[in-house]
Amino acid sequence: RFDSYGDPRGVYLWNRRKDIGLNCLLTTTKNLSIQKIHLHRAPDSDQDWESMAGQSYHASISTSEWYDDKHEMMTDVCRYAYYMAPRRREGIGMSFLEAMASGRCVIAPNDSTMNEYIVDGVNGCLYDWCKPKPVYVQDVRSLQKAALEYIQTGYGEWLVKSNKILLWLN
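Residues numbered from 1 in each chain as written. Predicted model: local features only at pLDDT ≥ 70, side-chain atom pairs only at ≥ 80, totals over all residues. Heavy atoms only, no water.

1. What about a nonpolar patch on the surface?
Here is step 1 of the chain: A cluster of nonpolar side chains, contributed by I165, L166, W168 and L169, occupies part of the molecular surface with about 510 Å² of accessible area.
Here is step 2 of the chain: Locating L169 in the fold gives a position in helix α5 (residues 140-169).
Here is step 3 of the chain: Under the relative-accessibility criterion, L169 is labelled exposed at 57%. (Patch = residues over 30% accessible without salt bridge, like charges linked within 9 Å, V, L, I, M, F, W, Y side chains within 5 Å. Areas by Shrake-Rupley, 256 points an atom, 1.4 Å probe, with all protein chains shown as cover. Salt bridge = Lys/Arg side-chain N within 4 Å of Asp/Glu carboxyl O. Helix = DSSP H or I, 4+ residues; strand = E, 2+ residues; numbered from the N terminus. Buried < 20%, exposed > 50% of the residue type's maximum accessible area, 1.4 Å probe, protein only.)

2. Section: the sheet that holds strand β2 (residues 36-40)
Strand pairing in a sheet takes place through backbone hydrogen bonds and is either antiparallel or parallel in direction.
Here is step 1 of the chain: Pairing within the open sheet is parallel, and its 6 strands lie in the order β3-β2-β1-β4-β5-β6. In this open sheet, the two edge strands, each paired with only one partner strand, are β3 (60-64) and β6 (125-127). Geometrically, the sheet is characterised by an average inter-axis angle of 20° between neighbouring strands, direction not taken into account.
Here is step 2 of the chain: As judged from the 5 bridges shared by β2 and β3, these two strands associate in the parallel manner. (Pairing = 2+ DSSP bridges. Axes fitted to C-alpha atoms, helices over the stretch in contact; angles between N-to-C directions.)

3. Considering the packing of aromatic side chains
The description of two aromatic rings rests on the distance between their centres and on the angle between their planes.
Here is step 1 of the chain: Inspection of every chain in the model, using the stated rule, returns 3 aromatic pairs.
Here is step 2 of the chain: Between Y12 and Y83, the aromatic rings sit 5.9 Å apart at their centres with planes inclined by 10°, giving stacked as the arrangement. Highlighted residues: Y12 in strand β1 (residues 7-14) and Y83 in strand β4 (residues 80-84), separated in sequence by 71 residues. Here the two residues Y12 and Y83 agree in accessibility, since each one is buried.
Here is step 3 of the chain: With a centroid separation of 6.0 Å and 65° between ring planes, the pair formed by F96 and Y117 is classed as edge-to-face. Of the two residues, F96 sits in helix α3 (residues 94-101) while Y117 sits in helix α4 (residues 114-117), which places them 21 residues apart along the sequence.
Here is step 4 of the chain: Given the relative accessible area of 27%, Y117 is considered partly exposed.
Here is step 5 of the chain: Just above the ring of W14 sits the side chain of R16; from NZ or CZ to the centre is 4.1 Å. (Phe/Tyr/Trp six-rings, centres within 6.5 Å; stacked < 30°, edge-to-face > 60°. Lys NZ or Arg CZ within 6 Å of the ring centre and 35° of its normal.)

This is how it looks when you write it as C-alpha cells:
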C-alpha cells in the first residue's frame, strides 16, 4: 500500500524486543531531526514492556498496542518516512519488507535478513547492532523511492519465477 512518503520527521517502531527499543531508536536516529516517534507496544512473548516512566525525550511519542486489522497498522506506519526494524535478526522479515513496499526508509541491524534486502545508504539504513551509532541520511525521499522500487522489481521477478516453477511442476 502506497499513498505518500510520510513525515520525514517521524519514525515507527514495533517495539517487539528490549534490545531494539526506544534507546536503540534514539541512538540510531540522533542525526535525523526526528520529532515524532510511534511505538507499537506489542512485545514478543518472552519480552517485557520497556518502561518510559520518568524519562524525557526530544520527540513526541505516541503508542499503540494491537490493531483491529493490518490495514490500520500500515496506516500508522505510513504516517512516517522511517520504519525501525523490530528485531536483530528475522526469518523472512515481513514487517520490514512491507514497510519497504510502502516506501518507508527502513533502519535495521546489519544482520540477516535485513542486509539481504537493504543496501545501506541506497534503499535504507543499516547499523551495527552491537554498537549502535547514528545513521546518516542525506535524502530520505531518495531512499524511500529506492526501497519501493526494489520491492516492486523483486516482486515482479518473483512472479515470473513462480510461474516457471509451476510450469516445471506440471
